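Survey of secondary and tertiary structure
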Amino acid sequence: MKHNQAQLIAVSLTSTLTAISIGYLGVQVFGRNTMYMIATGMLGLGTGGAIGQILVEKRQQRVVQVQSKQQ
């Protein structure tokens, strides 16, 4: 397993647990509607992070073009 992949899994797991904790506290303190808003916000952050990771990986890929020598 690559080092970056292990980090991504750890961050994803931590984010999921944080989202559950915040949602639970939100519903206990503020009510159900707050829980839905927090869950939607965390979903948006997770989606943005995943898209950002894809964009970074695409930028890091190098396109190599081979030119043939003409005699």
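The structure contained in this document is the topic of the report that follows. (Residues numbered from 1 in each chain as written. Predicted model: local features only at pLDDT ≥ 70, side-chain atom pairs only at ≥ 80, totals over all residues. Heavy atoms only, no water.)

1. Some details on the overall build of the chain
The following threshold applies: In DSSP terms, a helix is any run of H or I states spanning at least four residues, a strand is any run of E spanning at least two, and both are numbered starting from the N terminus. The rule is simple: take the accessible area with a 1.4 Å probe, protein chains only, and divide by the maximum for that residue type; under 20% is buried, over 50% is exposed, in between is partly exposed. Per-residue and other accessible areas follow the Shrake-Rupley method at a 1.4 Å probe size, with only the shown protein chains counted as cover for residues.
Tallying secondary structure elements over the chain gives two helices and zero strands in all. Out of the 71 residues belonging to the chain, those deemed buried represent 6%. Of the roughly 6,800 Å² that the chain leaves accessible, carbon and sulfur atoms contribute 60%.

2. Concerning a nonpolar patch on the surface
Here is the rule: By definition, no residue in a patch forms a salt bridge, and every one has over 30% relative accessible area; like charges are joined within 9 Å, nonpolar side chains (Val, Leu, Ile, Met, Phe, Trp, Tyr) within 5 Å. In the sections that follow, a salt bridge refers to a side-chain nitrogen of Lys or Arg positioned within 4 Å of a carboxyl oxygen of Asp or Glu.
On the surface, a nonpolar cluster with roughly 310 Å² of combined accessible area is contributed by Leu13, Leu17 and Ile20. With respect to the helices, strands and loops of the structure, Leu17 is situated in helix H1 (residues 3-29).

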